[in-house]
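Chain residues, written in single-letter form:
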Amino acid sequence: MANNLEPIHGISLEDYAQIVIKITSGASIESICKAMGIDIAVWEEVNTLWGQRMKEDTDFKLIMLYGDYFAAGVTNPKLVNIDTNIISAEGQGNLDRLKNDRYFYEELCGARTAAYNYGLDGAQWILDNYGIGLGDFQSVAMHHMSKRNNGSEDIMETKAFLDYQREKQEEYEAKFAAERGGNVADDIEF
Amino acid sequence: MADKSVNFLQNMTNISLKQKNYAETDETLEAKTEARLCPNCGAPRAKQDGLTHCAYCGYKFIETVLTDGIFLKKEDNSEHV
Amino acid sequence: MAFFSKKKTIPNMYEDLQAQIDARRERWFVFIDKLNTRAEELYLAALPELNALKASDSDPNKSTYNKVLSGVCGQLANMRSKAYDAQDREISDFYDYLRHGEITALHPLSRYLTEFRNDCYDRFTEFEQSINMKTDKLREVERDEIEYEYAKIIDSFNADKDKFRCSQCGHLLPVERIFFISVHIVCPACNTQNTLEPGRSARNLQFIAKKLAEKRCEHLLNAYQNEIQNERDLYFKAHNIKLDSIHKNDREKAIAQEQIEAIHAERKRSIENAPHLYNVYLRALYDEMNRILPEFKEHHEKLYLEQINQKGENYGK
């Protein structure tokens, strides 16, 4: 095992990815510690040190692996049944679509960027409008990214997706601008 | 046309203020200290033989094996298991 | 593009074409000036608004402040991209149209057309720099406050360190340094293992360490960047002397050549000095980070090596 893949205080990268999914979906740190048989001091070291290893990961091997684990979702029996925020039926429907409909995913990515450009928290905007929390969204993002990284998506497809995202971002920006009485420089034309 | 900028800022700030903040962190403002009693024998957790197990009855406070971390070190693993 | 597509068969055709180019340049300058004025207005209106938001926001993450800051930067970016799109459409296309039509390379207005395009591009670049400067300044407010943030952490640590007591026997716990994550601390009196969970202030230490070190080493980064700029300036200085000397006599050309050589010697020193200045900056930056967070020294040094190697590759080592 590569040095930077050694478990930290007994928590492997796979465990760590699954814990992060749980926490970002609303699980309490306490419940995670209890399930994994660690305490808060151990968890905070684990969290800090895996974060550092990712920053040091210049060839992106560790990050890609983390992405794969993240995309695979929570399978560890110790973690599976930990309570998280309950997702609404509508949110669940949107979440399924986010995973299966890549264009929908790109649209929400574009919308999220547009939201930030217009003074909104993009993560909260997605939660408010689609009922999808940050943890679930990131998990789907990792799922799509790992497809890109493992080569099952060619460069033309990637470009098409990014163009679509850009197009959607502009649409949402126009909408957000209108809600704020238009952009500051809308009246200035060549 | 300075109004244009002022109006936009006003509108944007109002909308930003209305938006809820994402997942407020539950971390507390103040630091605190805590001691855990052993759920098995009731003794306060002591650091005699590492800190992963109860020094009195062997109950596992920490089930994983500690590696060299930031403040926690391998030596903190209790010897008797 | 109708107004410049009419065929010029009249004797003053060059003047007419020239007038079209002048008119477009003028229109471009007016457009960019208007955008620039508006950007300035937004910037000046946003500064006090952001300060007020920051002061009144009780949320520790200053969420509203950050959202509005991001929105203001979004508007500045919107103006920049508006200018960029217009440049594409109204300047580059116009240039290409003439360049591939009436004003080919040997046309008497060929140089005039090139200058038109350069003037317009330069005006856009100035505008873009002014937008970037505003964005930097808006974000700088945060950077300037970093020493203050650090002082708050230290103050809060000094105020609290003699208050941590063993939850079993009440004895004072030895808290000798800032713990920025939860730690186990053993009670010196009863040997009970306590867990200290730091408050928000101490936790913040690991998140501000890099920004704080950057702020403290800013002067060294500036020295490096000034050297890079110095090299560019010298290059253009020599280039301009060369251009000016083209139509001069041999004696003047020889003098120009001497000047150019002197400048190149200076430029060579500058090129050699830049990587050195960068290394000085980077080492100082990571030393500072090690001072702020000694627990992360190993991690910092890995990042340092990586950054040195990357820059080394860029310098063609």
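Enquirer: Looking at this structure, I do not really get the overall build of chain B. What am I missing?
Expert: Of the regular secondary structure elements, chain B holds one helix and one strand. Each of the 81 residues in chain B was classed as buried or not, and the buried ones make up 33%. Across chain B, the fraction of contacts at a sequence separation of at least 24, relative to all contacts at a separation of at least 6, is 27%. About 4,800 Å² of surface is accessible on chain B, with carbon and sulfur atoms providing 49% of the total.

Enquirer: Got a minute to help me understand the overall build of chain A in this structure?
Expert: From N to C terminus, chain A includes 10 helices and zero strands. The N-to-C order of helical and strand elements in chain A reads α-α-α-α-α-α-α-α-α-α. Along the first, second and third principal axes, the C-alpha set of chain A runs to 60 × 35 × 30 Å. Within the span of chain A, comprising 190 residues, buried residues form 50% of the whole. Here chain A displays about 8,800 Å² of accessible surface, and carbon together with sulfur accounts for 52% of that area.

Enquirer: I keep staring at the interface of chain B and chain C and nothing clicks. Help me out?
Expert: By a frequent convention, interface size equals the accessible area lost on bringing the separate parts together. Each side of the interface is counted separately: chain B has 36 residues, and chain C has 40 residues. Summed over both sides, the interface between chain B and chain C buries roughly 3,300 Å², with carbon and sulfur atoms accounting for 58% of that surface. Between chain B and chain C we count zero salt bridges in total. The interface formed by chain B and chain C includes eight residue pairs in polar contact (both at pLDDT 80 or more).

Enquirer: Quick question: what am I supposed to make of the domain arrangement of chain A here?
Expert: Residues and elements named next belong to chain A. What the domain assignment reports for chain A is domain 1 (3-80) and domain 2 (89-179). With eight residues of domain 1 in contact, the opposing surface of domain 2 contributes nine residues. Overall, the association of domain 1 and domain 2 removes approximately 700 Å² of surface from exposure, summing both partners, and the carbon and sulfur fraction of that is 64%. Taken together, domain 1 and domain 2 are joined by zero salt bridges. The dominant element in the side of domain 1 that touches domain 2, judged by the number of residues it contributes, is helix α4 (residues 61-72), at six residues. Its residues placed into classes, the side of domain 1 that touches domain 2 shows four nonpolar, three polar and one charged.

Enquirer: Honestly, the packing of aromatic side chains in this entry has me stumped. Any pointers?
Expert: Two aromatic rings are characterised by how far apart their centres lie and by the angle between their planes. All names here are of chain A. Applying the stated criterion across every chain, the model contains 26 aromatic pairs over all chains. A ring pair is formed by tyrosine 172 and phenylalanine 176, whose centres lie 6.4 Å apart and whose planes are at 35 degrees; its orientation type is tilted. Of the two residues, tyrosine 172 and phenylalanine 176 both sit in helix α10 (residues 155-179), four residues apart, roughly one turn of that helix. Classification of tyrosine 172 as buried rests on a relative accessible area of 10%. We classify phenylalanine 176 as buried; its relative accessible area is 1%. These aromatic residues form a ring-pair network of at least three members: Phe104, Tyr118, Trp125, Tyr130, Tyr172 and Phe176.

Enquirer: Mind showing me how you'd approach the interface of chain A and chain B here?
Expert: Contacts between the two partners involve 33 residues from chain A and, on the opposite side, 25 residues from chain B. Carbon and sulfur atoms make up 59% of the surface buried where chain A meets chain B, a total of about 2,300 Å² over both sides. In terms of surface lost to chain B, no three residues of chain A exceed His9, Arg180 and Val184 of chain A, which account for 26% of the buried area on that side. Counting the contacts that link chain A with chain B gives zero salt bridges. Across the contact surface, chain A and chain B share 10 residue pairs in polar contact (both at pLDDT 80 or more).

Enquirer: I'm lost on the nonpolar core in this one. Help?
Expert: One recurring pattern in soluble globular proteins is that nonpolar side chains are buried together. Judged by nonpolar contacts, the single largest core of 71 residues is most densely connected at Tyr16, Val46 and Tyr66 of chain A together with Phe180, Leu205 and Leu285 of chain C. When residues in this core are grouped by element, the largest group, 10 residues, is from helix α8 (residues 250-292) of chain C. Sequence-distant contacts of phenylalanine 180 of chain C, defined by excluding residues within four places in its chain, comprise Ile70 and Phe71 of chain B together with Pro198, Ala202, Arg203, Leu205, Gln206, Leu293, Glu295 and Phe296 of chain C.

Enquirer: I'm lost on the sheet that holds strand β1 (residues 183-186) of chain C in this one. Help?
Expert: Sheet strands pair via backbone hydrogen bonds, and the direction of the pair is either parallel or antiparallel. Across the sheet, which stays open at both edges, the three strands sit in the order β1(B)-β2(C)-β1(C) with antiparallel pairing between neighbours. Both edges of this open sheet fall to β1 (32-35) of chain B together with β1 of chain C, since each of them pairs with a single strand only. Strand-to-strand twist across the sheet, computed as the mean angle between neighbouring axes with direction ignored, equals 35 degrees. Taken together, the four bridges between β1 of chain C and strand β2 (residues 193-197) of chain C define a ladder with antiparallel strand orientation. Counterpart to valine 183 of chain C in the pairing with β2 of chain C is leucine 196 of chain C.

Enquirer: Looking at this model, I keep getting lost on α4 of chain A. Mind explaining?
Expert: Every α-helical turn comprises 3.6 residues, leaving residues that sit three or four positions apart pointing alike. Residues and elements named next belong to chain A. The end-to-end C-alpha distance of α4 is 17 Å, a good match for the 16 Å that 12 residues give at a rise of 1.5 Å each. Regarding α4, the residues found buried are Leu62, Tyr66, Gly67, Phe70 and Ala71. At the exit of α4 stands glycine 73, carrying a positive phi of roughly 80 degrees.

Enquirer: Looking at this structure, how should I read the confidence of the model for chain B?
Expert: Caution applies to low-pLDDT parts of the model: their predicted coordinates are not meant to be read in detail. For chain B, per-residue confidence averages 83 on the pLDDT scale, and residues scoring 70 or more make up 84% of the total. Here the complex is predicted with pTM 0.73, and the ipTM for its interfaces comes to 0.75.

Enquirer: For this particular structure, what's the right way to read the pattern of salt bridges?
Expert: Working definition: two side chains of opposite charge can pair if their charged atoms are close together. All names here are of chain A. This structure, assessed with the given rule, holds 35 salt bridges over all chains. Residue glutamate 153 is joined to arginine 102 by a salt bridge in which the shortest nitrogen-to-oxygen separation is 2.9 Å. Of this pair, glutamate 153 sits in the loop between α9 (134-149) and α10 while arginine 102 sits in helix α7 (residues 102-117); the two residues are 51 residues apart in sequence, bridging distant segments of the chain. Residue classification places glutamate 153 among the buried residues on the basis of a relative accessible area of 9%. In this structure arginine 102 comes out as buried when scored by relative accessible area, which is 10%.

Quick notes on the rules
- Residues numbered from 1 in each chain as written.
- Chains lettered and ligands numbered in written order.
- Predicted model: local features only at pLDDT ≥ 70, side-chain atom pairs only at ≥ 80, totals over all residues.
- Heavy atoms only, no water.
- Helix = DSSP H or I, 4+ residues; strand = E, 2+ residues; numbered from the N terminus.
- Buried < 20%, exposed > 50% of the residue type's maximum accessible area, 1.4 Å probe, protein only.
- Contact = heavy atoms within 4.5 Å.
- Areas by Shrake-Rupley, 256 points an atom, 1.4 Å probe, with all protein chains shown as cover.
- Buried area = accessible area lost by both parts, 1.4 Å probe.
- Salt bridge = Lys/Arg side-chain N within 4 Å of Asp/Glu carboxyl O.
- Polar contact = N/O pair within 3.5 Å; in protein donor to acceptor, adjacent residues only side chain to side chain.
- Domains from an automatic or database assignment.
- Nonpolar A, V, L, I, M, F, W, Y, C, P; charged D, E, K, R; others polar.
- Phe/Tyr/Trp six-rings, centres within 6.5 Å; stacked < 30°, edge-to-face > 60°.
- Core = buried A, V, L, I, M, F, W, Y, C linked by side-chain atoms within 4.5 Å.
- Pairing = 2+ DSSP bridges.
- Axes fitted to C-alpha atoms, helices over the stretch in contact; angles between N-to-C directions.
- Expected span 1.5 Å × (residues − 1).
- pLDDT = per-residue confidence, 0-100.

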